[in-house]
Amino acid sequence: MEKTVTLQIFGRKFTFQTEPGEADAKQVAAHFEDAVRKVQSQFDGKPVNVDKETILILTGLNFASENYKLEKRYQQLFDRMTEKSAVVLSELEKAMQ
């Protein structure tokens, strides 16, 4: 059974379905809503008129940047773990001989 989650951005509701057991869907939606509000607040009180589409694109770019940094960090940790595992395996093989 799929789970339905609704979020509201700029007064407009968006409903999407998630995989069964996806407990974090509401938190993801709330995180996105918060991110949109954060980007929008950066333009509050400024003489620049920024449309909703631009705010959403900037929000998406912020998420893409975060994701890129996390993927890069994950790869670095994975590479480090692989190197250390190889050293441990080598030492175990030496000890078994």
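Residues numbered from 1 in each chain as written. Predicted model: local features only at pLDDT ≥ 70, side-chain atom pairs only at ≥ 80, totals over all residues. Heavy atoms only, no water.

## A closer look at a nonpolar patch on the surface
Test applied: Within the patch definition used here, like charges are joined within 9 Å and nonpolar side chains (Val, Leu, Ile, Met, Phe, Trp, Tyr) within 5 Å, considering only residues with over 30% relative accessible area and no salt bridge. With residues, only the protein chains shown are counted as cover, and all accessible areas are computed by Shrake-Rupley using a 1.4 Å probe. Counted as salt bridges are all cases of a side-chain nitrogen of Lys or Arg within 4 Å of a carboxyl oxygen of Asp or Glu. By the criteria applied, helices consist of DSSP H or I runs no shorter than four residues and strands consist of E runs no shorter than two, each listed in order from the N terminus.
On the surface, Y74, F78 and M81 cluster together to form a nonpolar patch covering roughly 340 Å² of accessible area. Tracing the backbone shows F78 in helix α2 (residues 52-96).

## What to know about helix α1 (residues 25-41)
What counts here: Helix span is expected to be 1.5 Å times the residue number reduced by one. In this scheme, a residue with accessible area under 20% of its type's maximum is buried, one over 50% is exposed, and one in between is partly exposed, where area comes from a 1.4 Å probe on protein chains only. As used here, the arc belongs to the directions running from the helix axis to the C-beta atoms.
Look at α1: 24 Å from first C-alpha to last across 17 residues, which is about the 24 Å you get at 1.5 Å a residue. Three or more residues of α1 are buried, namely A25, A29, E33, A35, V36 and V39. Down the axis of α1, the buried side of the element spans an arc of 160°, and every buried residue falls inside it. Those residues of α1 that are exposed and angled more than 90 degrees off the buried face are K26, Q27 and K38.

## Considerations on the confidence of the model for the chain
Regions with low pLDDT should not have their predicted coordinates read in detail. What counts here: On a range of 0 to 100, pLDDT expresses the predictor's confidence in each residue.
On average, residues of the chain carry a pLDDT of 90, and 94% of them reach 70 or more. Of all secondary-structure elements in the chain, the lowest mean pLDDT belongs to strand β1 (residues 3-9), at 82, while α2 reaches the highest, 96.

## Overview of the packing of α1 against α2
What counts here: Helix axes are fitted to C-alpha atoms over the stretch in contact, other axes to C-alpha atoms as well, and angles between N-to-C directions run from 0 to 180 degrees. Crossings are assigned a handedness: left-handed for a near helix turned anticlockwise from the far helix by less than a right angle, right-handed for a clockwise turn. We call two residues in contact whenever any of their non-hydrogen atoms come within 4.5 Å of each other. Three classes are used, and their members are as follows: Ala, Val, Leu, Ile, Met, Phe, Trp, Tyr, Cys and Pro are nonpolar, Asp, Glu, Lys and Arg are charged, and the others, Gly among them, are polar.
At a minimum axis distance of 9 Å, the contact between α1 and α2 shows a crossing angle of 115°. In the packing of α1 onto α2, the handedness of the crossing is right-handed. The segment α1 lies against α2, with H31, F32, A35, V36, V39 and Q40 engaging I55, L56, L58, T59, N62, F63 and E66. Taken together, the residues that form the contact of α1 with α2 break down as 8 nonpolar, 4 polar and 1 charged.

## As for the pairing of β1
For the record, the criterion: Paired strands, in this sense, are two strands between which DSSP finds at least two bridges.
Of the strand pairs in this sheet, β1 and strand β2 (residues 12-18) are connected by 7 bridges, and their pairing is antiparallel. Note on β2: the bridge partner recorded for I9 is R12. Between β1 and β2, which pair antiparallel and follow one another directly, the connecting turn spans 2 residues, one of which, F10, has a positive phi of 55°.

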